[in-house]
Amino acid sequence: MNNAIEAVDVSKRFGKDIVLDHISITFESGKIHGIVGRNGSGKTVLMKCILGFLRPTAGQITVFDKRVGRDCDFAPHTGMIIETPGFLPGETGRSNLLWLGRLRGKVSKERVNEALTLCGLDPKLRKG
């Protein structure tokens, strides 16, 4: 599986407003990608369509070989923080990551520590 995410000819309308107009894009597995554009250009709408939070007006989106809206309601093996993230106040960054990891039961303490280290943070630090 080389392509993790593929959007083909995706359009999204809200009433008469066209937010996405025949967008086709592929995100390869194992790489980090970014979507850049001015405010109101449709970046968040595209991401919500990819994840399954919104249904495109036209086109199709495939995530890890599953067609969103047909094979699955929401994109498998994905997560996203849209707009303003919420964190548990008074908890450390490590504690917040552990809570998020427990939501799906797929992230170990060791993996959280690796992620913190990768970002240049000390997993043993107890500051909030």
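Whatever comes next refers back to the structure up there.
Sequence order as written defines the numbering, with residues in each chain counted from 1. Where local features are concerned, this predicted model is filtered to residues with pLDDT of at least 70; where side-chain atom pairs are given and counted, the filter is 80 or more; whole-chain, interface and lining totals use all residues. Hydrogens and water are ignored here; the side-chain numbers use all heavy atoms of the structure.

*Asks:* Tell me about the overall build of the chain, residues and numbers included.
*Replies:* Helix and strand definitions follow DSSP, with helices as H or I runs of at least four residues and strands as E runs of at least two, each counted in order from the N terminus. Along its length, the chain carries three helices and four strands. Element order for the chain, N to C, with α for helix and β for strand: β-β-α-β-β-α-α. Dimensions of the chain, computed from the C-alpha atoms along their principal axes, are close to 50 × 35 × 25 Å. When a residue's accessible area, from a 1.4 Å probe over protein chains only, is under 20% of the maximum for its type it is buried; when over 50% it is exposed; and in between it is partly exposed. Here the chain holds 128 residues, and 23% of them are scored as buried. We call two residues in contact whenever any of their non-hydrogen atoms come within 4.5 Å of each other. Partitioning the intrachain contacts of the chain with sequence separation of at least 6 by distance along the chain shows that 43% fall at a separation of at least 24.

*Asks:* Lay out helix α1 (residues 43–51) with the relevant residues and their values.
*Replies:* In an α-helix, one full turn covers 3.6 residues, which means residues spaced three or four apart are oriented alike. Every buried residue of α1 is accounted for by V45, L46, C49, I50 and L51. Buried residues along α1 sit against β1 (3–14), β2 (17–28) and β3 (58–63). Immediately downstream of α1, the backbone of G52 shows phi near 100°, a positive value.

*Asks:* Outline the side chain of S11, listing residues and values.
*Replies:* Note on placement: S11 falls in strand β1. Here a polar contact is taken to be a pair of N or O atoms separated by no more than 3.5 Å, where protein atoms must pair a possible hydrogen donor with a possible acceptor and residues adjacent in sequence count only if both atoms sit in side chains. Side-chain polar atoms of S11 contact the backbone nitrogen of H22, separated by 2.9 Å. Apart from the residues within four sequence positions on either side, S11 is in contact with L20, D21, H22, P56, T57 and A58.

*Asks:* Requested: an account of unusual backbone geometry, with residues and values cited.
*Replies:* A negative phi holds for most residues other than glycine; trans holds for most peptide bonds. Here the phi dihedral of H22 falls at roughly 55°; this positive angle occurs in a residue that is not glycine. Residue position: H22 is located in strand β2.

*Asks:* Describe the packing of aromatic side chains, with residues and values.
*Replies:* Centres within 6.5 Å make a pair out of two Phe, Tyr or Trp rings, where for Trp the six-membered ring is used; the pair is then stacked when the planes are under 30 degrees apart, edge-to-face when over 60, and tilted otherwise. Inspection of the entire model under this criterion finds one aromatic pair. Ring centres 5.8 Å apart and planes at 55° place the aromatic pair F53 and F74 in the tilted group. Separated by 21 residues along the polypeptide, F53 in the loop between α1 and β3 and F74 in the loop between β4 (66–67) and α2 (93–104) bring together distant segments of the chain. Charge-over-ring contacts are defined here by two conditions on Lys NZ or Arg CZ: a distance within 6 Å of the ring centre and an angle within 35 degrees of the ring normal. Over the ring of F14 we find K12; its NZ or CZ atom is 5.0 Å from the centre of that ring.

*Asks:* Outline the sheet that holds β2, supporting the account with residue identities and numerical values.
*Replies:* Strand pairing requires that DSSP identify at least two bridges connecting the strands. Read from one edge to the other, the open sheet built from four strands follows the order β2-β1-β3-β4, with strand pairing classed as antiparallel. Each edge of the open sheet carries a strand with a single partner, namely β2 and β4. Bridge analysis of β3 against β4 gives two bridges, and the strand direction is antiparallel. Bridge pairing links V63 to K66 in β4. Only the stretch in contact is used when a helix axis is fitted, and all axes are lines through C-alpha atoms; the angle between N-to-C directions ranges over 0 to 180 degrees. Those strands touched by α1 are β1, β2 and β3, and its axis lies near 60° from that of β2.

*Asks:* Go over the pattern of salt bridges, please, and point to the residues and values.
*Replies:* Basic side-chain nitrogens of Lys or Arg form a salt bridge, by our definition, when they fall within 4 Å of a carboxyl oxygen of Asp or Glu. Using the criterion set out here, one finds four salt bridges in the structure. With a shortest N-O distance of 3.5 Å, D71 and R70 are connected by a salt bridge. Taking the relative accessible area as the measure of exposure, R70 reaches 58% and is therefore exposed. Residue R111 pairs with E114 through a salt bridge whose shortest N-O separation is 3.1 Å. Of this pair, R111 and E114 both sit in helix α3 (residues 109–118), three residues apart, roughly one helical turn.

Shape descriptors only; they carry no functional weight alone.
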